[in-house]
Amino acid sequence: MSLRPAGQSPVWHRLITIWLPVCLLLAPLTTVAAPEAQPEDDDLPVAEIQAFAEVFERIKRAYVEDVDDATLLRNAMRGMLSELDPHSTYLDNEAYDNLRESTQGEFGGVGIEVGKRDGQLTVITPIDDTPASAAGLQAQDSILRIDDTPTEGLSLQDAVELMRGEPGTQIRLTILRTGEDAPRNITLEREIIRTQSVKHDILSPGYGYLRISQFQTRTGDQVLNALNELTDEQPLQGLVLDLRNNPGGVLQAAVDVADAFLESGRIVYTEGRLPDSELSFSAGSETAAPDVPLVILINGGSASAAEIVAGALQDQRRGVVMGTQSFGKGSVQQIMPLGDSEALKLTTARYFTPNGRSIQAQGIEPDVRVVRGRLEVAQDNGLQVREADLEGHLTGNGDDDDASQLNARLRDDYQLGEALNLLKALNVLEKRKR
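Attention here is on the structure that accompanies the text. (Residues numbered from 1 in each chain as written. Predicted model: local features only at pLDDT ≥ 70, side-chain atom pairs only at ≥ 80, totals over all residues. Heavy atoms only, no water.)

1. Focus: the overall build of the chain
So, point 1. Counting its regular elements, the chain contains eleven helices and 19 strands.
So, point 2. When each of the 434 residues of the chain is scored for burial, the buried share is 40%.
So, point 3. Contacts in the chain between residues at least 24 apart in sequence constitute 69% of all its contacts with a sequence separation of at least 6.
So, point 4. When the accessible surface of the chain is split by element, carbon and sulfur atoms take 49% of a total near 24500 Å². (Helix = DSSP H or I, 4+ residues; strand = E, 2+ residues; numbered from the N terminus. Buried < 20%, exposed > 50% of the residue type's maximum accessible area, 1.4 Å probe, protein only. Contact = heavy atoms within 4.5 Å. Areas by Shrake-Rupley, 256 points an atom, 1.4 Å probe, with all protein chains shown as cover.)

2. Structural notes on the nonpolar core
So, point 1. Of all hydrophobic cores here, the largest spans 42 residues; its most connected members are F215, L241, L243 and F261.
So, point 2. Of all the secondary structure elements, the ones that give two or more residues to this core are β11 (207-212), α7 (219-230), β12 (238-242), α8 (251-259), β13 (266-272), β15 (294-298), α9 (305-315) and β18 (342-352).
So, point 3. Among the elements that line this core, the one with the most residues is α9, at seven residues.
So, point 4. The residues contacting F215, other than those within four sequence positions of it, are L243, N246, G248, G249, V250, A253, A254, V257, A305, A306 and V309.
So, point 5. Membership of the second largest hydrophobic core comes to 17 residues, among which are I112, V123, L137 and M163. (Core = buried A, V, L, I, M, F, W, Y, C linked by side-chain atoms within 4.5 Å.)

3. Comments concerning the environment of M336
So, point 1. Locating M336 in the fold gives a position in strand β17 (residues 331-338).
So, point 2. Among the residues examined, M336 registers a relative accessible area of 8% and is labelled buried.
So, point 3. Between the C-alpha atoms of M336 and L346, which are ten residues apart in sequence, the distance is 7.6 Å.

4. Describing unusual backbone geometry
So, point 1. For D118, which is not glycine, the phi torsion reads 55 degrees and is therefore positive.
So, point 2. With respect to the helices and strands, the residue D118 is situated in the loop between β3 (112-117) and β4 (120-126).
So, point 3. Notably, A361 is not glycine yet its phi reads approximately 60 degrees, a positive angle.
So, point 4. With respect to the helices and strands, A361 occurs in the loop between β18 and β19 (368-369).

Fair warning: the whole summary comes from geometry, so function is off the table for now.
Take a look at the structure:
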């Protein structure tokens, strides 16, 4: 029995040659028990496949340069995935290696997380201690050009490849910032990006600071080590968990971080079409910091795994979320290897906070809204006299240099200063209840 419809050209035979390998390639990724009878909706769309085959044939015959079949098919897969959502993509050998490097915490480039917003290449967040953060790039900056290449119509994968390169080489980004009338050019020097995803220190006696710049495979263990070091000298009276400009990362790492502060209850769950995409994660009974008063800082650069943590701690009433609305990436991508060197990154589920809130395109709303800013102290008239102005005054016993550095840090980071003030106020209220 012939597979070619009556009156069709030999293009149909080429279609069978093209289509079957694609079907065989995708079948292992979505293996399910076949029903006895296929619904009509599952039938192959013959007219559309015919059109695809004819486009393929005409490119092969008429395009100005010769293009091999493998390149055309890979481009077709890229296009098929890119039209689904901004996060699904085909990963060739180089892109697959880059993805594995970034989740392990070391890769080459300028240290910037990008995405598409309204079709425009946009900064999600600059990564801490990288050329991008040092140059002052900010979340929501639109990237108009990479060197001499316009970004309009450029895929995310192509944009990332253009920004990566040999350490020591330079790259020029043309960006447009919200509220500014004209674009600006920023020149960066590429370097090996070795990201330490967790940092910590003491803001004030008894008040700790824990910064997570992204969620990598080792982030959960690093958070536990940081909490142990913070509590070595004295118990914490409060902790600021800083998730600002955190683009997300590994889901399990987000679960581990939330679990460090929760004794029980759900952290996050996912819903998708495949049975293995419906997952639920809950906190275990062993908790590193179950009682420490907590303020979680977020902003428009907090995305994905960072939103999972903030949403879980907010729903469980474990801490106060402060800052501005988060990015709103509430979808889950699975990496599906295609052989040894290529892979498919496919959106397979949406994730939800413990109370059933979807973060996708919504984000996390802070409990206390505090915008980014810098504290400016008004100048006095010079007539006020303080003890320190008196000749022969006694000096204090504290470390003046440390206090001065802390004051400067809190002055330059208004959100952090407000988080510390809130923690101190919560402690005052708790003491009055006793």
